[in-house]
Amino acid sequence: MSVEVPPVIKEQLNRFRKKLDKVPILQQAEELTKVPKEYLVLVGGLIFILLIFFGIGAGSLCSIVGFLYPAFKSFQSIENRAKNDQTQWLIYWVVYAFFSIIEVFAEFLLYWIPFYYAFKMAFLLWAMLPQTKGAKYLYDSFLKDFLKKNESKIDAALNDAQRTANNIVSDAAVAAADAKDAGINAVKEMAKTNGKSD
């Protein structure tokens with residue numbers, strides 16, 4: 001018994017296949033698995049969606065998607081010296097950092113939102129994709145004014161954090177040196193004591 005695929009779906013799959021022909025790694029995957037690439041992409045997409053909706057590894061998956069493609073495109077724009085691309089990706093990283101900071105402080109609340117990672121994935125895709133330019137929209141309509149207004153406060157907080165970190169590091173270095181000296185003195189004292197008793 002063979003299943004007949006309706007002509008409308010067959011036509012859509014053929015169009016989809018022509019678009020996928022531009023991706024060499026899918027051609028290699030098709031040759032390796034002997035499964036048509038359009039089915040590989042559809043099954044992979046379905047698995048991806050299920051993972052996001054059911055939360056299995058969703059946090060890691062969102063992080064990979066939020067970093068991998070933008071990092072690669074940032075690298076390309078740096079190497080190609082494309083000014084517009086560099087600006088787009090710098091804006092994305094500013095929005096991503098801002099979003100990550102909010103997420104850290106609101107994590108205990110976000111845990112209770114159903115399908116949070118699905119929403120996060122949609123947000124990241126919206127923010128990063130050149131077709132939507134969501135990061136630019138957020139930056140221009142909200143972040144730019146907020147950051148300019150609070151730039152001196154942010155700089156002061158960063159300088160204070162740097163001073164505090166430097167103090168902690170120097171105190172730790174002094175404590176480590178004192179501990180080393182105390183250890184060396186203890187070993188010398190033990191050697192003297194053992195030498196006298198022999």
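Below: a short report on this structure. Just so it is clear, the model here is predicted, and its values are computed rather than measured. Numbering of residues starts from 1 in every chain and runs along the sequence as written. For this predicted model, a pLDDT threshold of at least 70 governs which residues receive local features, and a threshold of 80 or more governs which side-chain atom pairs are given and counted, while totals over whole chains, interfaces and linings are taken from all residues. Heavy atoms from the whole structure form the basis of all side-chain values; hydrogens and water molecules are not counted.

Notes on the overall build of the chain
Strands are runs of DSSP state E lasting at least two residues, helices are runs of H or I lasting at least four, and both sets are numbered from the N terminus onward. In terms of helices and strands, the chain carries eight helices and zero strands. In the chain, the succession of helices and strands from N to C terminus is α-α-α-α-α-α-α-α. Computed over the C-alpha atoms, the radius of gyration of the chain is 28 Å, more than 25% above the 16 Å expected from 2.2 N^0.38 for a compact globule of 198 residues. C-alpha atoms of the chain, sized along the principal axes, occupy 100 × 55 × 45 Å. Considering the chain as a whole, with its 198 residues, one finds that 18% of them fall into the buried category. Restricting to contacts in the chain with at least 6 residues of sequence separation, those with at least 24 account for 50%. For the radius of gyration, the atom set is restricted to C-alpha positions; the globular benchmark scales as 2.2 Å times the number of residues to the power 0.38. Relative accessibility under 20% of the residue-type maximum defines a buried residue, over 50% an exposed one, and the middle range a partly exposed one, all with a 1.4 Å probe and only protein chains included. Contact between two residues is taken to exist if any of their heavy atoms lie within 4.5 Å; hydrogens are not considered.

Quick notes on the nonpolar core
Each nonpolar core is a collection of buried residues, namely Ala, Val, Leu, Ile, Met, Phe, Trp, Tyr and Cys, held together in the definition by side-chain atoms within 4.5 Å. By size, the foremost hydrophobic cluster in this structure holds 17 residues, and its most contacted members are Ile52, Tyr92, Met121, Leu124, Met128 and Ala135. For this core, the secondary structure elements donating two or more residues are α4 (58–80), α5 (83–110), α6 (116–128) and α7 (134–149). What alanine 135 contacts, discounting residues up to four positions off in sequence, is Ile91, Tyr92, Val95, Trp126 and Ala127.

A word on the pattern of salt bridges
Each reported salt bridge corresponds to a side-chain nitrogen of Lys or Arg within 4 Å of a carboxyl oxygen of Asp or Glu. The tally for this structure, following the rule as stated, stands at nine salt bridges. Glutamate 11 is the salt-bridge partner of arginine 15, the closest N and O atoms lying 2.9 Å from each other. Linking arginine 15 with glutamate 11, this pair stays in helix α1 (residues 7–20), spanning four residues, or about one helical turn. With relative accessibility at 46%, the residue arginine 15 sits in the partly exposed group. In this structure, arginine 17 engages glutamate 38 in a salt bridge whose closest nitrogen and oxygen atoms are separated by 2.7 Å. In this pair, arginine 17 sits in helix α1 while glutamate 38 sits in helix α3 (residues 37–54), placing the two residues 21 residues apart along the sequence. It is possible to trace a salt-bridge network through shared partners that takes in Arg17, Asp21, Glu30, Lys37 and Glu38.

None of this, on its own, says anything about what the molecule does.
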